[in-house]
Structure formats: structure tokens, C-alpha cells
Amino acid sequence: MTNETTEAVAQDDARHADKMAKKKAARDKIMATKTDEKGLVIVHTGKGKGKSSAAFGMIFRHIAHGKPCAVVQFIKGAMWTGERDLIEKHFSDVCQFHTMGEGFTWETQDRARDVAAAAAAWEKAKELIRDERNSMVLLDEINIALRYDYLDVSEVVAFLKDEKPYMTHVVLTGRNAKDDLIEAADLVTEMELIKHPFRSGIKGQPGVEF
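What this report covers is the structure whose coordinates are included nearby. (Residues numbered from 1 in each chain as written. Predicted model: local features only at pLDDT ≥ 70, side-chain atom pairs only at ≥ 80, totals over all residues. Heavy atoms only, no water.)

### Comments concerning the overall build of the protein chain
Item 1. For the protein chain, the helix and strand inventory stands at eight helices and six strands.
Item 2. Starting at the N terminus and walking to the C terminus, you meet the elements of the protein chain as α-β-α-β-α-β-α-α-β-α-α-β-α-β.
Item 3. For the protein chain, whose C-alpha radius of gyration is 22 Å, the value lies well above the compact-globule estimate of 17 Å for 210 residues.
Item 4. Principal-axis analysis of the C-alpha atoms gives the protein chain an extent of 80 × 45 × 35 Å.
Item 5. In the protein chain, which comprises 210 residues, the proportion classed as buried is 37%.
Item 6. For the protein chain, long-range pairs separated by at least 24 residues make up 81% of all intrachain contacts whose partners lie at least 6 apart in sequence.
Item 7. Per element, the accessible surface of the protein chain, about 12,900 Å² overall, is 52% carbon and sulfur.
Item 8. Positive and negative charge centroids in the protein chain, built from 31 and 34 side chains respectively, lie 3 Å apart. (Helix = DSSP H or I, 4+ residues; strand = E, 2+ residues; numbered from the N terminus. Rg over C-alpha atoms; globule rule 2.2 N^0.38 Å. Buried < 20%, exposed > 50% of the residue type's maximum accessible area, 1.4 Å probe, protein only. Contact = heavy atoms within 4.5 Å. Areas by Shrake-Rupley, 256 points an atom, 1.4 Å probe, with all protein chains shown as cover. Lys, Arg positive; Asp, Glu negative; His and termini not counted. Charge placed at Lys NZ, Arg CZ, Asp CG, Glu CD.)

Right, dumping it as C-alpha cells:
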């Protein structure tokens with residue numbers, strides 16, 4: 001390496017270090033203003049894969065911190081899932097797990113049963129959210145129940161606004177989240193579908209989908 005090249009590399013490194021130092025200073029200044037804490041209403045929606053997976057990631061973070069939490073599954077019923085098995089076998093002392101659904105609506109083909117199951121799941125969800133010992137409550141696939149009007153979205157939004165303890169996080173998953181819920185939420189993530197193996201004839205597989 002020539003002296004000119006060595007000098008150019010050194011100048012590039014110095015410019016990069018200066019740029020990163022300025023970026024860190026600006027970031028630190030912003031972070032210094034973020035001092036509040038509150039329980040968040042978090043919505044994972046969209047057609048892409050990963051809504052429940054990301055939510056369970058937060059549940060496992062709570063478990064890792066020893067923070068009591070709970071899961072209510074609104075749609076998934078008899079279907080075995082790795083998350084449920086792991087939590088019930090090893091972490092039931094920290095995380096309550098309630099599977100209240102009977103499967104997807106096209107499987108039950110009985111609207112009255114679906115509405116009743118959703119109502120029962122919502123009652124359990126309210127009970128768990130009201131319990132201030134729970135730091136986080138995951139309402140898995142509740143957006144599907146809301147989409148089909150098995151539950152009244154205005155009731156759900158009002159409960160989260162008026163009765164959710166201040167420091168309790170509530171996560172609501174499922175595609176087609178209703179506008180009222182999105183408006184009420186603190187954090188909303190839409191999973192965008194780019195490609196999915198199902199379209200190529202690949203079925204759901206253990207460790208990926210469940």
C-alpha cells in the first residue's frame with residue numbers, strides 16, 4: 001500500500017469516526033428526552049407472516065425478565081403450537097396460557113359458536129388485563145374476531161382506554177386490524193407480504209408456522 005493510499009484510508013477513517021461521533025451525540029440528545037414509561041397498546045397486523053411470532057418474542061422477553069404475563073388465543077384451538085407447548089411445560093409459573101378459540105371460522109362453519117368463543121376469550125382477556133400483576137397480555141388473533149364482528153371494536157377500544165392498568169402492555173395480533181383500534185394504539189406494525197411459500201405449494205411447517 002502506497003503512502004498516498006494509506007493517507008487516503010486514514011482520512012476516510014477519520015471522516016467516518018467524526019460522522020459517527022456526531023450521529024451518536026444527536027442520538028444521545030434525543031434519547032435523553034425519552035424518560036417516560038407506560039403500558040403500551042401494540043397492534044401487529046398486515047398480510048405478511050410474523051405477527052404472532054413477533055408478539056411471542058415479546059412474551060418470551062417478559063418471561064426472561066421474570067415478569068408475569070399471559071396469552072389468550074382467540075382463533076387457534078385444537079391445533080398444537082410450539083409456543084404453547086413450551087410455555088405450558090416450562091414457564092407456566094410466569095405466563096398463563098389460554099387457548100379459547102375453536103379454529104378458523106371456515107373450519108367451525110358455525111357463526112354462533114364463533115361469536116360465543118370470541119366472547120368467552122374476551123372475558124378472559126379482560127380478567128387478565130385487569131390483574132395488575134400481569135405486565136403484558138397477548139391477545140393472539142383478536143383482530144380476526146374483530147374483523148368478522150364477533151366482538152365490538154368500540155367495546156375493546158373503550159376497555160383498553162378506560163380499564164387497562166397504566167403500566168400493562170397489551171398486544172393485539174391478526175390481519176385487517178380495524179381503524180379504531182389502530183387509532184387507539186401506541187405502536188402499530190404492518191407486516192407486508194412480499195413472498196410466501198404457500199403460493200408455491202409449500203404447507204405450514206413446524207418451527208416456522210407453528
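### Focus on the pattern of salt bridges
Item 1. Scanning all chains against the criterion turns up eight salt bridges.
Item 2. A salt bridge links Glu 127 to Lys 124; its shortest N-O distance comes to 3.3 Å. Placement of the pair is Glu 127 and Lys 124 together in helix 5 (residues 111-130), with a separation of three residues, close to one helical turn.
Item 3. Of the charged contacts in the structure, one is a salt bridge between Lys 126 and Glu 155, with a shortest N-O distance of 3.6 Å. Separated by 29 residues along the polypeptide, Lys 126 in helix 5 and Glu 155 in helix 7 (residues 153-162) bring together distant segments of the chain.
Item 4. Salt bridges here are not isolated pairs; linked through shared partners, they connect Glu 123, Lys 126 and Glu 155. (Salt bridge = Lys/Arg side-chain N within 4 Å of Asp/Glu carboxyl O.)

### Brief notes about the environment of Glu 190
Item 1. With respect to the helices and strands, Glu 190 occurs in strand 6 (residues 187-190).
Item 2. Classification of Glu 190 as exposed rests on a relative accessible area of 63%.
Item 3. As a C-alpha pair, Glu 190 and His 169 span 21 residues in sequence and 18 Å in three-dimensional space.
Item 4. Ignoring sequence-local partners within four residues, the contact set of Glu 190 consists of Thr 45 and Gly 46.

### Quick notes on the sheet that holds strand 2 (residues 69-73)
Item 1. If you walk across this open sheet you meet the six strands as 3-2-4-5-1-6, and the pairing is parallel. In this open sheet, the two edge strands, each paired with only one partner strand, are strand 3 (95-99) and strand 6. Strand after strand, the sheet turns through a mean of 10° between neighbouring axes, direction not considered.
Item 2. Note that strand 1 (residues 41-45) and strand 5 (residues 169-173) share four bridges and pair parallel. Following the sheet pairing, His 44 is matched in strand 5 by Thr 173. (Pairing = 2+ DSSP bridges. Axes fitted to C-alpha atoms, helices over the stretch in contact; angles between N-to-C directions.)

### Here's the deal with the nonpolar core
Burial of nonpolar side chains together is a common tendency in soluble globular proteins.
Item 1. Core analysis: the largest hydrophobic core is formed by 30 residues, its most contacted members being Phe 74, Trp 122, Leu 139, Leu 160 and Leu 172.
Item 2. Counting only elements with at least two residues in this core, the list comes to strand 1, strand 2, helix 5, strand 4 (136-140), helix 6 (142-147), helix 7 and strand 5.
Item 3. In terms of residue count, the dominant contributor to this core is helix 5 (six residues).
Item 4. The next biggest cluster of nonpolar side chains, apart from the first, holds 15 residues, and it includes Ile 63, Cys 95, Phe 97 and Met 136. (Core = buried A, V, L, I, M, F, W, Y, C linked by side-chain atoms within 4.5 Å.)

### Some words on helix 2 (residues 51-64)
Item 1. Taking 1.5 Å of rise per residue, the 14 residues of helix 2 would be expected to cover 20 Å, and the 20 Å separating its terminal C-alpha atoms lies within 8% of that figure.
Item 2. Among the residues of helix 2, those classed as buried are Lys 51, Ser 52, Ala 55, Phe 56, Met 58, Ile 59, His 62 and Ile 63. Down the axis of helix 2, the buried set is contained in an arc of 150°. They therefore lie on one face. Facing away from the buried side of helix 2, by more than 90 degrees, are the exposed residues Arg 61 and Ala 64.
Item 3. One or two residues past the end of helix 2 sits Gly 66, with phi positive at roughly 70°. (Expected span 1.5 Å × (residues − 1). Arc of directions from axis to C-beta.)

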